[in-house]
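Commentary on secondary and tertiary structure
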Amino acid sequence: MIELLASVADTNRLWYALPLVVSVSLVYGATRHELVGPILNNAFRAAVWIGGFMAIIFVILMAISWWV
Amino acid sequence: MPTEDGAPANDEMIEVDLRNPAVAAVWAWVCPGAGHIYQRRYAKGILFMVCILGTWFFGLSLGNGHVVYASWAKDDHRWQYFCQLGVGTPALPAIVQSQRAKKGQEPLFGGWMAPPKNVVNYESRDDELSQWHLKYHSFFELGTLYTMIAGLLNVLAIYDAYAGPMVVTSEEKPDKPPPDDQDDS
């Protein structure tokens, strides 16, 4: 349990992913659309997709570190 | 269809004036967003400039200017620089620093973007690259990642400046019904 808490406490560095996700989503959205509205819409969906993907990987890695 | 006030309802209906796409692509490489500003696509130009340069300089600051350098020395093949080079002019000082290092001259700007000295593939206190890793810990890798992604994002921006947005227009949809043939009869 301590290892599990320690792994969660060490997630502070995950905050460094936030500006990267925002930047990547906005640029990706801007290469798909020309108007600000659709760009922001696409960027939001891309950010959710990236966040979800990261969350799944995070849970898998945490489960592995807990079991092993 | 345009809305009642004449504005286009979505960006599929916008015709983008790319001016000279090759010139715009070169500008987009020289400075992120500049190609779009040349094409008078100001909003996107500013968006690209802020996002890409913001990512670039944040990454650079994480590693105190050491995460971007050009080196193809025996024990230090800095392949990451090829990704970082996508950002254009902001990555070029690394080439100047690399050339100075090859000539045995002292680096400029206090070693900013200069290749590390005495890189070896075994433990050594003289190995400057190892000292950077020791000093900045994971921020060295994080800064490298940020600057690489900034360079790769600018490749997308360059493509957008050259060819316009990758919107799937109604003309490209395969299941579009043919034009009114029955009217010909």
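In this numbering scheme, every chain counts its residues from 1 along its sequence in written order. Chains and ligands are labelled sequentially in the order written, the chains with letters from A and the ligands with numbers from 1. Owing to the predicted nature of the model, reporting of local features is limited to residues with pLDDT of at least 70; listing and counting of side-chain atom pairs is limited to 80 or more, with chain, interface and lining totals taken over all residues.

A separate point is the overall build of chain B. Secondary structure assignment for chain B yields seven helices and two strands. Segments assigned H or I by DSSP are reported as helices when at least four residues long, segments assigned E as strands when at least two residues long, and all are numbered from the N terminus. Taken from N to C terminus, the helices and strands of chain B fall in the order α-α-α-β-β-α-α-α-α. The contact rule is simple: place each C-beta atom from the backbone, and if two of them lie within 7 Å, those residues are in contact. Relative to all contacts within chain B whose residues are 6 or more apart in sequence, the contacts with residues 24 or more apart total 58%.

Formed by 46 residues in total, the largest nonpolar core has its most connected members in Val27(A), Ala28(B), Ile52(B), Val68(B), Leu153(B) and Ala157(B). Counting only elements with at least two residues in this core, the list comes to helix H2 (17-32) and helix H3 (36-67) of chain A together with helix H1 (21-30), helix H2 (34-38), helix H3 (42-62), helix H5 (93-102) and helix H7 (138-163) of chain B. The greatest single-element share of this core, amounting to twelve residues, is contributed by H7(B). Setting aside its immediate chain neighbours within four residues, Ile52(B) contacts Val27(A), Pro32(B), Val87(B), Ala150(B), Leu153(B), Asn154(B) and Ala157(B). In this description, a nonpolar core means buried residues of the types Ala, Val, Leu, Ile, Met, Phe, Trp, Tyr and Cys, linked to one another by C-beta atoms lying within 7 Å. Put simply, a residue is buried when 20 or more other C-beta atoms lie within 10 Å of its own C-beta and exposed when 12 or fewer do; between those, it is partly exposed, and each C-beta is set from the backbone.

Here the focus is the interface of chain B and chain A. Facing 25 residues of chain B, the contacting portion of chain A comprises 16 residues. When residues are sorted by character, Ala, Val, Leu, Ile, Met, Phe, Trp, Tyr, Cys and Pro go into the nonpolar class, Asp, Glu, Lys and Arg into the charged class, and all the rest, Gly among them, into the polar class. Of the residues in the side of chain B that touches chain A, the class split is 18 nonpolar, four polar and three charged.

Let us now look at unusual backbone geometry. Residues and elements named next belong to chain B. Although it is not a glycine, Arg40 adopts a positive phi angle of roughly 65 degrees. Mapped onto the secondary structure, Arg40 falls in the loop between H2 and H3. Judged by local crowding, Arg40 falls into the exposed class, with 10 C-beta atoms found within 10 Å. Here the phi dihedral of His137 falls at roughly 50 degrees; this positive angle occurs in a residue that is not glycine. Counting through the fold element by element, His137 comes out in the loop between helix H6 (128-136) and H7.

All names here are of chain B. Only the stretch in contact is used when fitting a helix axis, every axis being a line fitted to C-alpha atoms; angles between N-to-C directions are given from 0 to 180 degrees. Interaxial distance between H1 and H7 falls to 7 Å at its minimum, and their mutual angle equals 160 degrees. In terms of axis orientation, H1 runs roughly antiparallel to H7. You can see that H1 and H7 cross each other, and the crossing is right-handed. Seen from H1, the contacting residues are Pro21, Ala24, Ala25, Ala28 and Trp29; seen from H7, they are Ala157, Ile158, Ala161, Tyr162 and Ala163. Its residues assigned to classes, the contact of H1 with H7 comprises ten nonpolar, no polar and no charged. Convention used here: angles under 35 degrees read as roughly parallel, angles over 145 as roughly antiparallel, angles from 65 to 115 as roughly perpendicular, and any remaining angle as oblique. For a crossing to be left-handed, the near helix must be turned anticlockwise from the far one by less than a right angle; the clockwise case is right-handed.

A helix is expected to span 1.5 Å for every residue after the first. Counted at 1.5 Å a residue, the expected span for H7(B) with its 26 residues is 38 Å, and the 38 Å between its end C-alpha atoms agrees. Looking one or two residues beyond H7(B), the residue adopting positive phi is Gly164(B), at roughly 85 degrees.

Of all the residues in H1(B), the buried ones are Ala24(B), Ala25(B), Trp27(B), Ala28(B) and Trp29(B). On its buried side, H1(B) packs onto H2 and H7 of chain B.

On to the packing of H2(A) against H3(B), then. At a closest axis distance of 10 Å, the pairing of H2(A) and H3(B) adopts a crossing angle of 150 degrees. What the angle tells us is that H2(A) and H3(B) run roughly antiparallel. Handedness of the crossing formed by H2(A) with H3(B): left-handed. Contacts between H2(A) and H3(B) involve Pro19(A), Leu20(A), Ser23(A), Leu26(A), Val27(A) and Ala30(A) from the first element and Lys44(B), Leu47(B), Phe48(B), Cys51(B), Ile52(B), Gly54(B), Thr55(B) and Phe58(B) from the second. Per-class residue counts for the contact of H2(A) with H3(B) are ten nonpolar, three polar and one charged.

Moving on to the environment of His137(B). Classification of His137(B) by C-beta neighbours within 10 Å gives exposed; the count is 10. Linking His137(B) and Ala28(B), residues 109 residues apart in sequence, is a C-alpha distance of 33 Å.

All names here are of chain A. Following the sequence through the fold, Leu18 ends up in helix H2. Looking at Leu18, the number of C-beta atoms within 10 Å reads 11, which means it is exposed. With 30 residues separating them along the chain, Leu18 and Val48 place their C-alpha atoms 11 Å apart.

What follows is about the confidence of the model for chain B. Residues and elements named next belong to chain B. On a range of 0 to 100, pLDDT expresses the predictor's confidence in each residue. The pLDDT averaged across chain B works out to 86; a share of 83% of its residues lies at or above 70. Contacts for the low-pLDDT stretch residues 1-7, under 50 throughout, to residues beyond four places or in other chains number six contacts. The ipTM for the predicted assembly is 0.82, set against a pTM of 0.83.

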